[in-house]
Amino acid sequence: MTMAVTLTDQDKLTLRTAAYGAVSLLAAAGAAGSPHRIATEGSIALASATGPIGHVLAAKTRDIKLNGKSVAELADHVLPALTAAMSLLHKQDPAEADNFRNTVNVAVAAATRTHQGRPSPTVAEMVRKITGALEAANGGAPSKAAAGQERPELQQVLQEIVDSGFTGVTLRVHDERGEWVGSAGVRRLGQSAEPPANGHVRIGSNTKTFTATVVLQLVGEGKLGLDDPVADYLPEFGLDRRITVRMLLQHTSGVFNFTGEYYDDGTVVPGIVWSGQEWVDNRFRTYRPEELVRLALSKPARFEPGTDWSYSNTNYVLARLLIEKVTGRSLAEEMHRLILGPLGLSGTVVPDTSPELPEPHAHAYYRYEEAGREETVDVTRQNPSWISTGGDMISTTQDLHTFISALMGGRLLPAELLAEMCTPEPKAGYGLGVFVQETACGGTVITHNGGIAGHGALMYSTPDGSRTLTAALNYVDDVTMSLAEAFQKATRRLVDEVFCGGQAGSAQ
């Protein structure tokens with residue numbers, strides 16, 4: 001293998017000290033918990049590195065002197081090594097700098113996940129310091145993943161998105177020109193650092209594509225059928241026997257949307273509280289999926305099963321319960337068995353009730369009025385069980401790219417089930433967990449986007465997975481969804497630029 005960078009023995013020592021030192025620092029900071037397990041999990045995660053960095057980190061670590069040091073001593077030794085490692089890689093190959101940063105972040109996430117519940121304040125502080133040291137070499141801004149590749153037209157769109165009111169945005173594009181990563185705005189109000197190049201984000205309804213893929217994989221394994229009545233698997237809810245598995249995935253079941261129904265005549269039938277001050281004050285409340293389903297089923301159905309289309313989050317909570325019933329395992333376990341593990345999606349999380357968002361990440365905000373005053377609250381930490389499998393997952397732009405390109409490239413589903421997934425219902429163009437859309441230049445894209453209380457994510461691909469667009473957005477949300485129009489306009493601009501820029505759509 002030809003090395004993309006030239007590293008001296010001292011450089012290699014710096015890289016190993018930085019990477020394994022970050023894990024040792026977390027282990028020392030979490031000594032009151034399980035330091036050995038923290039160190040083990042973090043070190044295992046470092047094995048995910050590829051390319052020249054993978055070769056360096058796979059070497060013996062006996063030359064690293066980290067034992068017997070206090071947290072403060074380790075921090076003094078390791079944090080400068082992290083910045084130095086990023087600096088020396090940036091000078092030779094920005095792609096390898098990103099590779100190293102992402103590898104360390106994966107190790108940090110693996111180490112901190114070993115804690116039960118929320119990481120201790122000491123560990124959380126060390127995570128912030130490690131992240132800051134990684135970004136310091138580049139002034140806090142993400143580097144371009146493709147060395148020397150300039151895409152001013154894409155950078156301009158990102159700036160337009162920020163100018164329209166978003167706090168920050170990070171974009172990742174894979175096309176015939178290679179990979180490009182760019183960002184604009186800030187990761188946190190009142191600060192200047194840009195959003196992290198591959199930060200974690202709450203992906204909202206992109207979750208539905210992951211969930212639909214798991215259901216279709218179980219269909220492929222013979223555990224259920226697309227046209228089976230859901231009531232056969234979940235008899236406890238008394239569902240209409242005409243509702244099939246396919247109808248859940250395609251939003252044609254007619255089941256009431258537990259986040260509320262909005263009818264064409266202006267009538268609104270509320271569901272759970274998911275906006276305003278009441279939601280902010282209760283954003284750590286736990287909802288169980290059965291509770292959400294029973295709430296929905298206590299309301300009138302929107303239409304007879306199979307006779308119309310209407311987007312309902314309840315369909316995907318039922319899909320979660322269906323997955324768990326036929327496998328006897330949790331959704332998170334099945335997601336890891338079928339998607340996250342095989343694709344190596346180490347930055348993707350099925351959080352259930354956990355309020356945490358792994359570092360690094362940009363912050364999410366919510367704005368509301370109280371006693372005539374406008375209040376803006378950081379809602380990055382929240383219990384996402386209120387949206388359950390309709391929109392609770394966490395991922396990164398890199399993982400979203402890997403997932404959608406693998407899915408469309410035929411690596412997750414057999415051809416006949418992928419064809420079913422991408423066959424749209426005519427009213428809304430919705431397949432099974434994906435939208436099938438025409439571009440302005442006559443091509444086709446497979447997509448699902450999502451937003452959840454100050455975070456948003458975009459995921460687009462050509463039908464063969466060869467060209468993708470994934471993005472993470474952070475913003476100040478509010479009850480009127482004042483950025484909804486700007487969100488739609490920005491999305492159209494990005495899609496036109498990436499899938500139509502200068503030539504006809506790549507998927508005719």
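This structure is a prediction, so every number in the text was calculated from the model and none was measured.

Brief notes about the packing of helix H2 (residues 35-46) against helix H5 (residues 94-112)
Interhelical geometry of H2 versus H5 gives an angle of 150 degrees and a closest axis separation of 8 Å. Relative to H5, H2 is oriented roughly antiparallel. For the element pair H2 and H5, the recorded crossing hand is right-handed. Where H2 approaches H5, its residues Ile 38, Glu 41, Gly 42, Ala 45 and Leu 46 are matched on the opposing element by Thr 103, Val 106, Ala 107, Ala 110 and Ala 111. Broken down by class, the residue content of the contact of H2 with H5 amounts to 7 nonpolar, 2 polar and 1 charged.

A look at the sheet that holds strand E6 (residues 365-370)
The pairing of strands in a sheet comes from backbone hydrogen bonds and takes either a parallel or an antiparallel form. Pairing in this open sheet of 3 strands is mixed, and the strands run E7-E6-E14 from one edge to the other. Across the chains shown, the open sheet's two edge strands, defined by having one partner strand only, are strand E7 (373-378) and strand E14 (476-478). Adjacent strand axes in the sheet meet at a mean angle of 35 degrees, parallel and antiparallel pairs treated alike. As judged from the 6 bridges shared by E6 and E7, these two strands associate in the antiparallel manner. What sits directly across from Glu 370, in E7, is Arg 373.

Here's the deal with the nonpolar core
Judged by nonpolar contacts, the single largest core of 78 residues is most densely connected at Phe 210 and Ile 339. Leaving out residues up to four positions away in the same chain, Ile 339 has contacts with Phe 210, Thr 213, Val 214, Gln 217, Glu 334, Leu 345 and Phe 403. Counting 44 residues, the second-largest nonpolar core is a separate cluster that includes Tyr 20, Ala 45, Ile 64 and Met 86.

Observations regarding the packing of aromatic side chains
Tallying each qualifying case throughout the model produces 11 aromatic pairs. Aromatic side chains Phe 210 and Phe 403 sit 3.8 Å apart centroid to centroid with 10 degrees between the ring planes, which places their arrangement in the stacked category. Here the residue Phe 210 occupies a position in helix H8 (residues 207-220), and Phe 403 occupies one in helix H15 (residues 397-408), the gap between them amounting to 193 residues. Judged on exposure class, the residue Phe 210 and its partner Phe 403 are both buried. Between Tyr 460 and Phe 499 the ring centres are 6.4 Å apart and the planes differ by 50 degrees, which places this aromatic pair in the tilted class. Taken together, the residues span a long stretch of sequence, with Tyr 460 in strand E12 (residues 455-461) and Phe 499 in helix H17 (residues 484-500) at a distance of 39 residues. By the ring-pair criterion, three or more aromatic residues cluster together here, those being Trp 274, Trp 279, Tyr 366 and Trp 386. Over the ring of Tyr 316 we find Lys 208; its NZ or CZ atom is 5.9 Å from the centre of that ring.

Some thoughts on the pairing of strand E2 (residues 178-185)
Across the 8 residues of E2, 6 count as buried, placing the element largely inside the fold. Judged from the 8 bridges that link them, strand E1 (residues 168-175) and E2 form a sheet pairing that is antiparallel. Paired with Thr 170 across the strands is Ser 183, a residue of E2. The hairpin formed by E1 and E2 contains 2 residues between the paired strands.

Conventions used here
- Along each chain, residues carry numbers from 1 onward, in the same order as the chain's sequence is written.
- A pLDDT threshold of at least 70 governs which residues receive local features in this predicted model, and a stricter bar of 80 or more applies before side-chain atom pairs are shown or counted, although totals over entire chains, interfaces and linings include all residues.
- The side-chain figures draw on all heavy atoms in the structure; neither hydrogens nor water molecules are used.
- Axis definition: a line fit to C-alpha positions, over the contact stretch in the case of helices; interaxial angles, taken between N-to-C directions, run 0 to 180 degrees.
- Strands are runs of DSSP state E lasting at least 2 residues, helices are runs of H or I lasting at least 4, and numbering of each runs from the N terminus.
- Between 65 and 115 degrees an angle is taken as roughly perpendicular, under 35 as roughly parallel, over 145 as roughly antiparallel, and anywhere else as oblique.
- The hand of a helix crossing depends on one turn: near helix anticlockwise from the far one by less than a right angle means left-handed, and clockwise means right-handed.
- Contacts were defined at the residue level, with two residues in contact if any of their heavy atoms lie within 4.5 Å.
- Throughout this entry, Asp, Glu, Lys and Arg are counted as charged residues, while Ala, Val, Leu, Ile, Met, Phe, Trp, Tyr, Cys and Pro are counted as nonpolar. The remaining residues, Gly among them, count as polar.
- Think of it this way: DSSP has to see at least two bridges between two strands before they count as a pair.
- Definition of nonpolar core: a set of buried residues of the types Ala, Val, Leu, Ile, Met, Phe, Trp, Tyr and Cys, connected through side-chain atoms within 4.5 Å.
- Working definition: with a 1.4 Å probe on protein chains only, accessible area under 20% of the residue-type maximum means buried, over 50% means exposed, and in between means partly exposed.
- Pairing of aromatic rings covers Phe, Tyr and Trp, the last through its six-membered ring, and needs centres within 6.5 Å; plane angles under 30 degrees mean stacked, over 60 mean edge-to-face, and all others mean tilted.
- Here, a charge over a ring is recorded when the distance from Lys NZ or Arg CZ to the ring centre is within 6 Å and its angle to the ring normal is within 35 degrees.

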